[in-house]
Amino acid sequence: MQFDLTDLSLFRHVVEAGSITHGAERAHLALAAASTRIRNMEKSLGAPLLLRTRAGVTPTPAGRTLLQHARALLAQAERLREDLGSYTGGLTGQIRILSNTNALTEFLPEALGAFLAEHPQVSIDLEERLSDEIVGLIAEGVGDLGIVAGTVDTGRLETYPFRSDRFVLVVPKGHALASRASIPFAEVLEHDFVGLDRASALQRFLAGKATRIGKPIRLRVQLRSFDAVCRMVEAGVGLGIVPETTARRAARTTAIIPVELEDAWAARDLTLCIRSLKDLPPSARQLVEHLRQQKGS
């Protein structure tokens, strides 16, 4: 049984993506090459590693065991590369970050930009997820660092405060709700909405809240950014829910009005979460310290 690091990395990507096709894309391999590698791994082991269905792939018991060891070996290989990198001119490595929508769009671009400018040999793999998903994935070793809503139970993960924000309703100037100081989410579900793509973590979160209330969100259009949502709200297409930082900035150039949401979940204290600071690769530890210093700036 001989698996190289490319095999192990591919297998991890396939399991995390739930698809050989998407796993191959993440591993930057052609689908045919990826499929051949997976088959050869199963042939070498003498047991199936993946359960293949129309919905995608899931690991077999053998696959779950391999995944656990693959993550550990890949982390050790990354740490070795970083430690040796100190002899070749500086910090090196790749950091995997899982972030909720709010942090990803409002706070991480500037913070990560500053860090990457200081460390040109470091690369970052950034993925958007729901906060409760992130906690589980960080605990499993899928990512090095997570950024989640402060209301989420992070279990035994190490946590550090990051930023504070809140979600607000944005309405066009002259709208019937523009004069309201605050409003509950349940009440605004009577109106049409402009939102992010249905696959976005925030849109899934809001859809879940609406489902519990028993009133689905009536999305007229889905966009790729909060700024685009604000512009579409200004055009009168529907209402939107965006971070207050976005709403205040957009209100300077667009005819929109932020209205506070009364729901407790609208307040967003953002938290950094990791398995263990001392066990992180050097570049990831430095990023955690960098983000902690960014708090409130």
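Here the structure is shown first, and the text comes after it.
The rules behind each value
Residues numbered from 1 in each chain as written. Predicted model: local features only at pLDDT ≥ 70, side-chain atom pairs only at ≥ 80, totals over all residues. Heavy atoms only, no water. Salt bridge = Lys/Arg side-chain N within 4 Å of Asp/Glu carboxyl O. Helix = DSSP H or I, 4+ residues; strand = E, 2+ residues; numbered from the N terminus. Buried < 20%, exposed > 50% of the residue type's maximum accessible area, 1.4 Å probe, protein only. Axes fitted to C-alpha atoms, helices over the stretch in contact; angles between N-to-C directions. Parallel < 35°, antiparallel > 145°, perpendicular 65-115°, else oblique. Left-handed = near helix turned anticlockwise from the far one by under 90°. Contact = heavy atoms within 4.5 Å. Expected span 1.5 Å × (residues − 1). Polar contact = N/O pair within 3.5 Å; in protein donor to acceptor, adjacent residues only side chain to side chain. Nonpolar A, V, L, I, M, F, W, Y, C, P; charged D, E, K, R; others polar.

Peer 1: Explain the pattern of salt bridges to me, please; I cannot follow it from the model alone.
Peer 2: Pairing of side chains with opposite charge becomes possible as their charged atoms draw close. All told, the structure shown has 19 salt bridges when counted by the stated rule. Across the pair K215 and E190 runs a salt bridge whose closest N-O atoms are separated by 2.8 Å. On the criterion of sequence distance, the pair formed by K215 in the loop between α9 (201-213) and β9 (218-223) and E190 in the loop between α8 (185-188) and β8 (192-196) is long-range, its members being 25 residues apart. On the accessibility criterion, K215 (31% relative accessible area) is partly exposed. The residue R249 makes a salt bridge to D227 at a minimum N-O spacing of 3.3 Å. Residue R249 is located in helix α11 (residues 244-250), and its partner D227 is located in helix α10 (residues 226-234); the two are separated by 22 residues in the primary sequence. Residue R249 is classed as partly exposed on the basis of its relative accessible area, which comes to 34%.

Peer 1: What's the story with the packing of helix α6 (residues 108-118) against helix α12 (residues 282-293) in this structure? I'm lost.
Peer 2: To characterise two packed helices, one gives the angle between the axes of the helices and the distance between these axes. Where α6 meets α12, the axes come as close as 10 Å, and the angle between the chain directions of the two elements is 130°. In terms of axis orientation, α6 runs oblique to α12. For the pair α6 and α12, the sense of crossing is right-handed. Between α6 and α12, the contacting residues are L108, A111, L112, A114 and F115 on the first element and S283, Q286, L287, H290 and L291 on the second.

Peer 1: Whenever I open this one, helix α1 (residues 5-17) confuses me. Can you help?
Peer 2: Since one α-helical turn is 3.6 residues long, residues separated by three or four positions face the same way. In this model α1 runs 18 Å from its N-terminal to its C-terminal C-alpha over 13 residues, within 8% of the 18 Å that 1.5 Å per residue would give. Buried residues dominate α1, accounting for 10 of its 13 residues. Capping the start of α1, D4 holds a side-chain oxygen 3.1 Å from the backbone nitrogen of T6, two or three residues further along. Looking at the residues trailing α1, positive phi occurs at G18, about 70°.

Peer 1: Would you mind going over the packing of α1 against helix α3 (residues 31-45) with me for this structure?
Peer 2: It is at 10 Å that the axes of α1 and α3 come closest, and there the two elements cross at 105°. Considering the angle they form, α1 stands roughly perpendicular to α3. Residues T6, D7, L10 and F11 of α1 form the contact with α3, whose own contacting residues are A34, R37, I38 and M41. Among the residues making up the contact of α1 with α3, the classes are represented as five nonpolar, one polar and two charged.

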